[in-house]
Every structure is written in C-alpha cells, then in structure tokens.
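Fold and contact review
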Amino acid sequence: MAWGMENSMQQLNSGVSRKREMEIACECWFTSKGKMYPIMFKYQDEQGEIHTIKDIQVHSREEKNLIVSPYTEFGVTINCQGIYMDTKLIFYKKECRWVMVIGQE
C-alpha cells in the first residue's frame, strides 16, 4: 500500500503521532504573478515502485522565510489509491527540493 499507509493509520488510531518527510518529484504551475502551485507529484515507495499523484487540492500556501532554510508550505488534500488524505507539500528553496509530510505533528 502507499508509503506505509496502514502503519500511519494504525499510529493515528492508537494516539501515537509521528511526522516524517518523504522526498517527491513535483510538477508545478505558476500564476502570472509568479506564485507556484503543485499540480502533480511522484514518489517512490519502500519496494522501489514509483507512484503518481495527480489529484491534488491546494487549501493553503504559506511562505516561511527562515534564514537557514526558507521554504513554501502547501496544505493539500490528495487522492492516493482512492484514499483522500490531508497532508503538506513543502518546497525548500535553497536546496530546490520537494517533500511530502507524512503523519501528524
């Protein structure tokens, strides 16, 4: 199942919450004013299989201008194999790197 979905659901149900970041490859759309929005991403699961997520609903976009590592955080809902999940997609500007946050804070 997608990136340990069963384990994540069991942790949430048991009251144990953990957050981790998963590297993703993300395709973006840019507005005429230069704001970026994710429209599709791919990730590799523990078995090495590559999955594509095209159903992304962006709910929020927030710029975090930390000196060490500025980033843009998107609050999104994704459809992963028929399961809708609220998660965050983060773009680290200095590293030019995308991650998906898995689990709860």
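1. Focus on the sheet that holds strand 4 (residues 56-64)
- Pairing is antiparallel across the open sheet formed by seven strands, whose spatial order is 3-2-1-7-6-5-4. Each edge of the sheet is formed by a strand with only one pairing partner; in this case those strands are strand 3 (50-53) and strand 4. Between one strand axis and the next, the sheet turns by 35 degrees as a mean value, whatever way the strands run.

2. A short note on the packing of aromatic side chains
- Per the stated rule, a full pass over the model turns up six aromatic pairs.
- Measuring from ring centre to ring centre gives 5.2 Å for F91 and W98, while their planes differ by 40 degrees; the resulting arrangement is tilted.
- A relative accessible area of 13% places F91 in the buried class.
- Within the aromatic cluster, the residues linked to one another by ring pairs are W29, Y37, F74, F91 and W98.

3. A short note on the confidence of the model for the chain
- Looking at the chain, pLDDT values average 84 and 81% of them are 70 or higher.
- Averaged pLDDT values for the elements of the chain fall to 43 in helix 1 (residues 5-13) and rise to 96 in strand 2 (residues 36-44).
- The low-confidence segment residues 5-15 (pLDDT under 50) makes eight contacts with residues lying over four places distant or belonging to another chain.

4. Focus on the pattern of salt bridges
- Tallied over the entire structure, the rule returns six salt bridges.
- A salt bridge links E46 to R20, with the shortest nitrogen-to-oxygen separation between them at 3.7 Å. With E46 in the loop between strand 2 and strand 3 and R20 in strand 1 (residues 19-30), the pair connects residues that are 26 residues apart, well separated along the chain.
- Relative accessible area serves as the criterion here: at 52%, E46 is assigned to the exposed category.
- Of the residues examined, R20 reaches a relative accessible area of 41% and is grouped as partly exposed.
- With a closest N to O distance of 2.4 Å, E63 and K93 form a salt bridge. Highlighted residues: E63 in strand 4 and K93 in the loop between strand 6 (83-92) and strand 7 (97-103), separated in sequence by 30 residues.
- For E63, a relative accessible area of 32% corresponds to the partly exposed category.
- Overall, K93 belongs to the partly exposed group, its relative accessible area being 32%.
- Beyond isolated ion pairs, a larger network of salt bridges with shared partners links R61, E63 and K93.

Definitions and cut-offs
- Residues numbered from 1 in each chain as written.
- Predicted model: local features only at pLDDT ≥ 70, side-chain atom pairs only at ≥ 80, totals over all residues.
- Heavy atoms only, no water.
- Pairing = 2+ DSSP bridges.
- Helix = DSSP H or I, 4+ residues; strand = E, 2+ residues; numbered from the N terminus.
- Axes fitted to C-alpha atoms, helices over the stretch in contact; angles between N-to-C directions.
- Phe/Tyr/Trp six-rings, centres within 6.5 Å; stacked < 30°, edge-to-face > 60°.
- Buried < 20%, exposed > 50% of the residue type's maximum accessible area, 1.4 Å probe, protein only.
- pLDDT = per-residue confidence, 0-100.
- Contact = heavy atoms within 4.5 Å.
- Salt bridge = Lys/Arg side-chain N within 4 Å of Asp/Glu carboxyl O.

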